[in-house]
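# Survey of secondary and tertiary structure
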Amino acid sequence: MGYAVEWKLLNALDYGVPQNRERIIIIASKEDVFNFDMLVNSKRRILVDALDTHGNFEYLEEKDYTLIENPIVQKKSGLFFVGYRNKSIRKAGVRPGTEHLSRVHKQPNRIYSVMGTHPTLPSQETSGRFWILLPDNRVRKLTIDECFRIMGFPSDFVRPSSVGEQYKQIGNSVCVPMVEAVASAIMQQYFAREQVNFYESFRIAK
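Residues numbered from 1 in each chain as written. Predicted model: local features only at pLDDT ≥ 70, side-chain atom pairs only at ≥ 80, totals over all residues. Heavy atoms only, no water.

### Some points on the overall build of the chain
- When you go through the chain residue by residue, the secondary structure sums to four helices and nine strands.
- Going from N to C terminus, the chain has its helices and strands arranged as β-β-β-β-β-α-β-β-β-β-α-α-α.
- The buried share of the chain, taken over its 206 residues, is 40%.
- Excluding contacts between residues fewer than 6 apart, the proportion of contacts in the chain whose partners are at least 24 apart in sequence is 61%. (Helix = DSSP H or I, 4+ residues; strand = E, 2+ residues; numbered from the N terminus. Buried < 20%, exposed > 50% of the residue type's maximum accessible area, 1.4 Å probe, protein only. Contact = heavy atoms within 4.5 Å.)

### Structural notes on the pattern of salt bridges
- Scanning the model with the defined rule gives eight salt bridges in all.
- Glu58 is the salt-bridge partner of Lys141, the closest N and O atoms lying 3.0 Å from each other. Of the two residues, Lys141 is situated in strand β9 (residues 139-141) and Glu58 in the loop between β3 (22-29) and β4 (65-67); the sequence distance between them amounts to 83 residues.
- Judged by relative accessible area, Glu58 falls into the partly exposed class, the value being 41%.
- Here Arg138 makes a salt bridge to Asp136, at a shortest N to O gap of 3.0 Å. (Salt bridge = Lys/Arg side-chain N within 4 Å of Asp/Glu carboxyl O.)

### Let's talk about the sheet that holds β4
- Taken in spatial order, the five strands make up an open sheet running β4-β5-β6-β8-β9, and their pairing is mixed. Each having just a single partner strand, β4 and β9 make up the two edges of the open sheet. Shown here is a sheet whose adjacent strand axes are inclined to one another by a mean of 30 degrees, direction ignored.
- Direction of pairing for strand β8 (residues 131-133) relative to β9: antiparallel, over a ladder of three bridges. Note on β9: the bridge partner recorded for Trp131 is Lys141. (Pairing = 2+ DSSP bridges. Axes fitted to C-alpha atoms, helices over the stretch in contact; angles between N-to-C directions.)

### Notes on the packing of aromatic side chains
- Inspection of every chain in the model, using the stated rule, returns eight aromatic pairs.
- Ring geometry for Phe130 versus Tyr167: centroids 6.3 Å apart, planes at 50 degrees, classification tilted. Here Tyr167 lies in helix α3 (residues 163-172) and Phe130 lies in the loop between β7 (118-119) and β8, a separation of 37 residues in the sequence. Residue Phe130 shares its accessibility class with Tyr167, and that shared class is buried.
- These aromatic residues form a ring-pair network of at least three members: Phe34, Phe36 and Tyr190.
- The ring centre of Tyr3 lies 4.6 Å from the NZ or CZ of Lys30, which sits over that ring.
- Stacked on the ring of Phe148, the Lys or Arg Arg159 has its end atom at 4.3 Å from the ring centre. (Phe/Tyr/Trp six-rings, centres within 6.5 Å; stacked < 30°, edge-to-face > 60°. Lys NZ or Arg CZ within 6 Å of the ring centre and 35° of its normal.)

### Details of the pairing of strand β6 (residues 110-113)
- Where strand β5 (residues 81-85) and β6 come together, three bridges link them in antiparallel fashion. Note that in β6 the partner of Tyr84 across the bridge is Arg110.
- Relative to β8, β6 runs parallel, the two being bridged by three bridges. Residue pairing for β8: Tyr112 is matched across the bridge by Ile132.

### Regarding a nonpolar patch on the surface
- A cluster of nonpolar side chains, namely Met1, Tyr3, Val5, Trp7, Leu9, Ile24 and Ile26, defines an oily patch on the protein surface of about 860 Å² accessible area.
- The set of elements that each furnish at least two residues to the nonpolar patch consists of β1 (4-11) and β3.
- No other element matches β1, which puts three residues into the nonpolar patch.
- In this fold, Val5 is placed in strand β1. (Patch = residues over 30% accessible without salt bridge, like charges linked within 9 Å, V, L, I, M, F, W, Y side chains within 5 Å. Areas by Shrake-Rupley, 256 points an atom, 1.4 Å probe, with all protein chains shown as cover.)

### Side note on α3
- Of the residues making up α3, those classed as buried are Gln166, Tyr167, Ile170 and Gly171. For α3, the arc enclosing every buried residue in end-on projection is 135 degrees, short of the 170-degree limit, so these residues lie on one face.
- At its buried positions, α3 is contacted by β9 and α2 (144-149). (Arc of directions from axis to C-beta.)

### Quick word on the environment of Asn137
- Position of Asn137 among the secondary structure elements: in the loop between β8 and β9.
- Accessibility expressed as a relative area gives 48% for Asn137, which makes it partly exposed.
- Separated by 70 residues in sequence, Asn137 and Leu67 place their C-alpha atoms 9.5 Å apart.

In structure tokens form, the structure reads like this:
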């Protein structure tokens, strides 16, 4: 149809939020091919930078979770998987000898250190089962305010729905700073010249 199409896999980590959230971004234009190299990245952050220091937090008791000995942070994603909740193991459809993977690999049962990043917030969650390990070795749930923060929403963003729906909606959202960077690059590459021409025409007419 005559469009110049370009795409790239972007990660929210590169736009100032401590969440490993990869998304394919596709830009199609009737003009020039979009140049993703013009996007302005931000310094990577870790989860502890986005946490509240005070609040009504929900902690897990020590008997309810198991920490892994000598966990290793994943360098590319920044994820620091450190343990899992001690929940019953789903055995239906699980191959013999791999039962523990059913527990460890289910997203709601994983525990990540706040000294790394957080995995992608999913849309299936309605109760906010995101568990984090604090520097003092306590495990607690990530709050809804913290979820919105690691998606890049401003503190005054209006959230009219119930907390359960908010947990679900946040997983369906896009990372705000990442999309803002894409929008800024679109403005610069496709509309900056038109803005200059508009103001020049206005000056001459005046």
